[in-house]
Amino acid sequence: MTEQDTLTEILCEEERGAVATAIAARLTVIQQLPQGLLRARLFSAALLTGGYQMMLEFEGSEATIRQLRRLADLLEVQDRGLN
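These notes cover the structure that comes with them. Computed from a prediction, not measured in an experiment: that's the story for all the values here. Each chain has its residues counted from 1, running along the sequence as written. Local features in this predicted model are restricted to residues of pLDDT 70 or higher, and side-chain atom pairs are both shown and tallied only at a pLDDT of 80 or more, whereas totals for entire chains, interfaces and linings draw on every residue. Neither water nor hydrogens contribute to the side-chain values; these are computed over all heavy atoms in the structure.

## Quick look at the overall build of the protein
Part 1 of the reasoning: The helix count covers DSSP runs of H or I at least four residues long, the strand count covers runs of E at least two residues long, and both are numbered beginning at the N terminus. When its secondary structure is counted, the protein shows three helices and zero strands.
Part 2 of the reasoning: Shown N-terminal to C-terminal, the secondary structure of the protein runs as helices and strands in the order α-α-α.
Part 3 of the reasoning: Over its C-alpha trace the protein gives a radius of gyration of 16 Å, far above what one expects of a compact globule, namely 12 Å for 83 residues.
Part 4 of the reasoning: Sorting the 83 residues of the protein into buried and exposed places 6% on the buried side. Computation of the radius of gyration draws on C-alpha atoms, with the globule rule given as 2.2 Å multiplied by the number of residues to the power 0.38. Only protein chains enter the accessibility calculation, which uses a 1.4 Å probe; a residue is then buried when its area is under 20% of its type maximum, exposed when over 50%, and partly exposed in between.

This is the structure in structure tokens:
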């Protein structure tokens, strides 16, 4: 593992932790609000949209498309495992 790989891994873990914390905080609030399920769905859609827009801006369309396809493949595999 190179120094760059190590740095990338550390940053990835930090960002995952930050996102997990933000999501947990928002879900706590959503559970207390009217139409909690609808709000959770809208929040999830906003996160996905924001995520792909950030990737598109910083990584370009080809990398974004590849990443979204990987995500779709992962979801399909998980869905098959649950059914």
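Still more to cover.
## A word on the packing of helix α1 (residues 3-32) against helix α2 (residues 36-59)
Part 1 of the reasoning: An axis is simply a line fitted to the C-alpha atoms; with a helix, the fit covers only the stretch in contact. Between two such axes, the angle follows the N-to-C directions and lies from 0 to 180 degrees. Relative orientation of the contacting elements α1 and α2 amounts to 155 degrees, with a least axis distance of 9 Å. Of the possible angle classes, the one that applies to α1 and α2 is roughly antiparallel. Considering only the axes of α1 and α2, their crossing is right-handed. The segment α1 lies against α2, with I23, R26 and I30 engaging G36, R39, A40, F43 and L47.
Part 2 of the reasoning: When grouped by side-chain class, the residues that make up the contact of α1 with α2 number five nonpolar, one polar and two charged. Put simply, angles under 35 degrees are roughly parallel, angles over 145 are roughly antiparallel, angles from 65 to 115 are roughly perpendicular, and the rest are oblique. A crossing counts as left-handed when the near helix is turned anticlockwise from the far one by less than a right angle, and as right-handed when that turn is clockwise. We call two residues contacting when some pair of their heavy atoms lies within 4.5 Å. Ten residues, namely Ala, Val, Leu, Ile, Met, Phe, Trp, Tyr, Cys and Pro, are considered nonpolar, four, namely Asp, Glu, Lys and Arg, are considered charged, and the remaining ones, Gly among them, are considered polar.

## A word on the layout of surface pockets
Part 1 of the reasoning: Taken as a whole, the largest pocket holds about 1,100 Å³ of empty space.
Part 2 of the reasoning: Any residue with an atom within 4 Å of a point lines the site, the site being either a cavity, points on a 1 Å grid over the protein atoms alone where a 1.4 Å probe fits but cannot get out, or a pocket, an open set with protein on both sides within 12 Å along at least 5 of 7 lines. Looking at the largest pocket, it is lined by 21 residues, and the ones nearest its centre are R16, V19, G51, M55 and Q67.
Part 3 of the reasoning: The set of elements that each furnish at least two residues to the lining of the largest pocket consists of α1, α2 and α3 (61-82).
Part 4 of the reasoning: When residues in the lining of the largest pocket are grouped by element, the largest group, nine residues, is from α2.
Part 5 of the reasoning: Among the residues forming the lining of the largest pocket, the class breakdown is 15 nonpolar, two polar and four charged. Grid points are joined across faces, edges and corners, and a volume is the space filled by probe spheres set on the points.

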